[in-house]
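# Structure at a glance
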Amino acid sequence: MAAQDVLSQTSRLASSSALLQVLFRVVTFGLNAFTLRYLSRELIGVVNVRLTLLYSTVVFLAREAFRRACLSGSTKRNWTKTINLLWLTVPLGVFWSILLGLVWLHLLEVPDPSVVPHYQAGVVAFGLSAIIELLGEPLWVLAQAHLFVRLKVIAESLSVVSKCTLTVILVVFYPQWGLYIFSLTQLLYASVLVMCYVIYFVMFLGSPEATKKSFPVTRVKALLPNLVEDETFVNWKEARLTWSFFKQSFLKQILTEGERYVMTFLNVLNFGDQGVYDIVNNLGSLVARFIFLPIEESFYVFFASVLERGKNVKDQKQDDVAMAANVLELLLKLVLLIGLTITVFGYAYSQLALDIYGGSMLSSGTGPNLLRCYSLYVLFLAINGVTECFTFALMCKEEVDRYNFVMLALSFTFLCISYFLTHWHGSIGFILANCFNMGIRIAHSTHYIYDYFKESTYRPLTGLLPSPFLVLVYIISGVITGFSEVFFCCDKGWMARLIHISMGALCFAATAATIFRTETKLIHFVRSQFLSRYMKKGT
């Protein structure tokens, strides 16, 4: 597939994934606001921190390394060996589910059954749901590698809608079921997700469409583990790369979910405070999840497809290098401006957002300051996602192994800083520690990118330099909205709130207009790559 075609397909995947994540987060946003009226903070804390951590840890450790290794390089490969390798995620998931399940049941503090009933059933259900989801991993990688956008949209939409619908029904009619509610909905989510992929590939393989696309897998039986005559069971190059990524993924999981591990294992916050922190954390990470994550996942595929892993810039096709450098520069500029916008406007509107969302339970106490700090953290997340996306797509095995040592030191430092900052500044300490963690990772990735392109004429890191006039507009907007919050928010009635919102809308409009005037190259990129197919549909 030509580089331009890969870029087009990748942009389509990223934009579809972003819109899909918007839908998911809007639904879960409303669902959380709804459940806050029916369930205790302690129950929400156990589900969203303790049990979700179990599920995410099992899934991440079992599949992340396989995904990165098997999505690297061209789609022209021996897919039988790749599928064989991907099926190893299932026994690995069983191992992690049993091991971590025993830890969650016997080594961690068990919630009070009168406040959070059926904890043991919740641990078993969340571990089992992780194994069920891993059964669809070979199909997910096949779909992602061949950019099956519609399949991902439909599968994840159906699974999330099914989960949310069942949650609402059970919360309204059977709130006394406690963790049984979330156990059943989590199992339903994983089952629907896997079944969507299974049904699609059963119908797709052998069809005229598959033949037309020269799809490398022709039979449903080929999706199962198969022996390759006179050859090894797996591609050992992929297997060794997977092992390198596995060591890295173990450390990356600690960095990604570090605050939850500290909360879970060190008991620095009670379950109620964990619930409030998680609600604020989810609210603050909305943009990071529905925009930055789809961009990172999709453009990792683009960079890994266009440029060859382990080769320096002079040994690559120069047309592909030019395209990759241009895309990287514009992606950095895009996420930087999104992050700056969230940081500037998030500061003045955090308390109002929490008051509307969850009432005084969230808007009083540390909630507003938590969300303000998270607005700054979003800027770090934005830059780190794209820089690491490029770095991991180009690193050779030896570079990945070296980076593992950096991650090991960073993981230990992060956990120590989280522990001490939490004792010093409460739950806000978690976000400050995350900012430090992301800053170090950004420094490493930008250094790699600088070294990679230094022998060429391309300087994609200039995407991190917005125009001075735009920076001035951001500063003025921050000052105006900050004063507006002091005078009009949030205990002076709805008329004062509307004035505060109007001030923010005017400042945002001025900022957006400045972006359109000063960042014309970026606007053209967004229109041509992300919005083109939606604009065509509307004409």
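Residues numbered from 1 in each chain as written. Predicted model: local features only at pLDDT ≥ 70, side-chain atom pairs only at ≥ 80, totals over all residues. Heavy atoms only, no water.

As annotated in an unreviewed UniProt entry, the chain is Protein RFT1 homolog from Otus sunia. Entered under Sequence similarities (unreviewed entry) in the UniProt record, the comment concerning the chain runs "Belongs to the RFT1 family." (UniProt positions renumbered as here; feature names shortened; annotations may be inferred.)

### Here we look at the overall build of the chain
Along the chain, the regular secondary structure elements total 22 helices and zero strands. Put simply, of all contacts in the chain between residues at least 6 apart along the chain, 83% involve residues at least 24 apart. Put simply, the chain shows about 23700 Å² of open surface, and 67% of that area lies on carbon and sulfur atoms. Each charge sign in the chain was given a centre, from 43 positive and 34 negative side chains, and these centres are 5 Å apart. (Helix = DSSP H or I, 4+ residues; strand = E, 2+ residues; numbered from the N terminus. Contact = heavy atoms within 4.5 Å. Areas by Shrake-Rupley, 256 points an atom, 1.4 Å probe, with all protein chains shown as cover. Lys, Arg positive; Asp, Glu negative; His and termini not counted. Charge placed at Lys NZ, Arg CZ, Asp CG, Glu CD.)

### Some remarks on helix 12 (residues 271–284)
With 14 residues, helix 12 should cover 20 Å at 1.5 Å per step; its first-to-last C-alpha distance of 20 Å lies within 8% of that length. Along helix 12, 13 of the 14 residues are buried, which leaves the element largely enclosed by surrounding structure. (Expected span 1.5 Å × (residues − 1). Buried < 20%, exposed > 50% of the residue type's maximum accessible area, 1.4 Å probe, protein only.)

### Considerations on the nonpolar core
Formed by 152 residues in total, the largest nonpolar core has its most connected members in Phe201 and Phe303. Ala348, Leu352, Cys489 and Cys490 belong to the second largest nonpolar core, which has five residues in total. (Core = buried A, V, L, I, M, F, W, Y, C linked by side-chain atoms within 4.5 Å.)

### Here's the deal with the packing of helix 7 (residues 149–173) against helix 8 (residues 179–204)
With their axes 8 Å apart at the nearest point, helix 7 and helix 8 run at an angle of 155° to one another. In terms of orientation, helix 7 and helix 8 fall into the roughly antiparallel class. Handedness of the crossing formed by helix 7 with helix 8: right-handed. (Axes fitted to C-alpha atoms, helices over the stretch in contact; angles between N-to-C directions. Parallel < 35°, antiparallel > 145°, perpendicular 65-115°, else oblique. Left-handed = near helix turned anticlockwise from the far one by under 90°.)

### Thoughts on the packing of aromatic side chains
One pass over the structure, following the stated rule, counts 25 aromatic pairs. Look at phenylalanine 204 and phenylalanine 215: their rings are 5.1 Å apart centre to centre, the planes differ by 85°, and that puts the pair in the edge-to-face class. Of this pair, phenylalanine 204 sits in helix 8 while phenylalanine 215 sits in the loop between helix 9 (208–212) and helix 10 (236–256), and the two are eleven residues apart along the sequence. Just as phenylalanine 204 is buried, phenylalanine 215 falls in that class too. For the ring pair tryptophan 243 and phenylalanine 246, a centre distance of 5.7 Å and an interplane angle of 15° mean the geometry is stacked. (Phe/Tyr/Trp six-rings, centres within 6.5 Å; stacked < 30°, edge-to-face > 60°.)

### Here we look at a nonpolar patch on the surface
Judged by side-chain polarity, Tyr38, Val168, Ile169, Val172, Phe173 and Tyr174 come together as a nonpolar surface patch covering roughly 550 Å² of accessible area. With respect to the secondary-structure elements, tyrosine 38 resides in the loop between helix 1 (3–35) and helix 2 (41–70). (Patch = residues over 30% accessible without salt bridge, like charges linked within 9 Å, V, L, I, M, F, W, Y side chains within 5 Å. Salt bridge = Lys/Arg side-chain N within 4 Å of Asp/Glu carboxyl O.)

### Remarks on the packing of helix 12 against helix 16 (residues 367–394)
Contact geometry of helix 12 with helix 16 gives a least axis separation of 9 Å together with a crossing angle of 40°. For helix 12 against helix 16, the interelement crossing comes out right-handed. Here Tyr277, Val280, Asn281, Leu283 and Gly284 of helix 12 come into contact with helix 16, specifically with Gly367, Leu370, Leu371, Tyr374 and Val378. Looking at side-chain class alone, the contact of helix 12 with helix 16 contains seven nonpolar, three polar and no charged residues. (Nonpolar A, V, L, I, M, F, W, Y, C, P; charged D, E, K, R; others polar.)

### Here's the deal with unusual backbone geometry
The phi dihedral of histidine 118 is positive, around 65°, even though this residue is not glycine. Checked against the element boundaries, histidine 118 lands in the loop between helix 4 (89–106) and helix 5 (119–134). Given a relative accessible area of 30%, histidine 118 falls into the partly exposed group.

### Looking at the environment of leucine 522
Take leucine 522: it is sitting in helix 21 (residues 520–530). What makes leucine 522 buried here is its relative accessible area of 4%. Taking the C-alpha atoms as reference points, leucine 522 and glycine 122, 400 residues apart in sequence, are found 47 Å from one another. Discounting residues that sit within four places of it in the chain, leucine 522 has contacts with Leu330, Lys333, Leu334 and Leu337.

### Things to note about the environment of tyrosine 55
If you trace the backbone, tyrosine 55 turns up in helix 2. On the accessibility criterion, tyrosine 55 (14% relative accessible area) is buried. Between the alpha carbons of tyrosine 55 and valine 90 there is a distance of 14 Å; along the sequence they are 35 residues apart. For tyrosine 55, the contacting residues outside a window of four places in its chain are Phe126, Ser129, Ala130, Glu133, Gln186 and Tyr189.

### Re the confidence of the model for the chain
Predicted coordinates in regions of low pLDDT should not be interpreted in detail. Mean pLDDT over the chain: 84, with 91% of residues reaching 70 or higher. Segment residues 533–539 is flagged for pLDDT under 50; beyond a separation of four residues in sequence, or across chains, it makes seven contacts in the model. (pLDDT = per-residue confidence, 0-100.)

### Section: helix 17 (residues 397–425)
For helix 17, with 29 residues, the first-to-last C-alpha span of 40 Å sits near the 42 Å given by 1.5 Å per residue. One or two positions beyond helix 17, positive phi appears at glycine 426, with a value near 65°.

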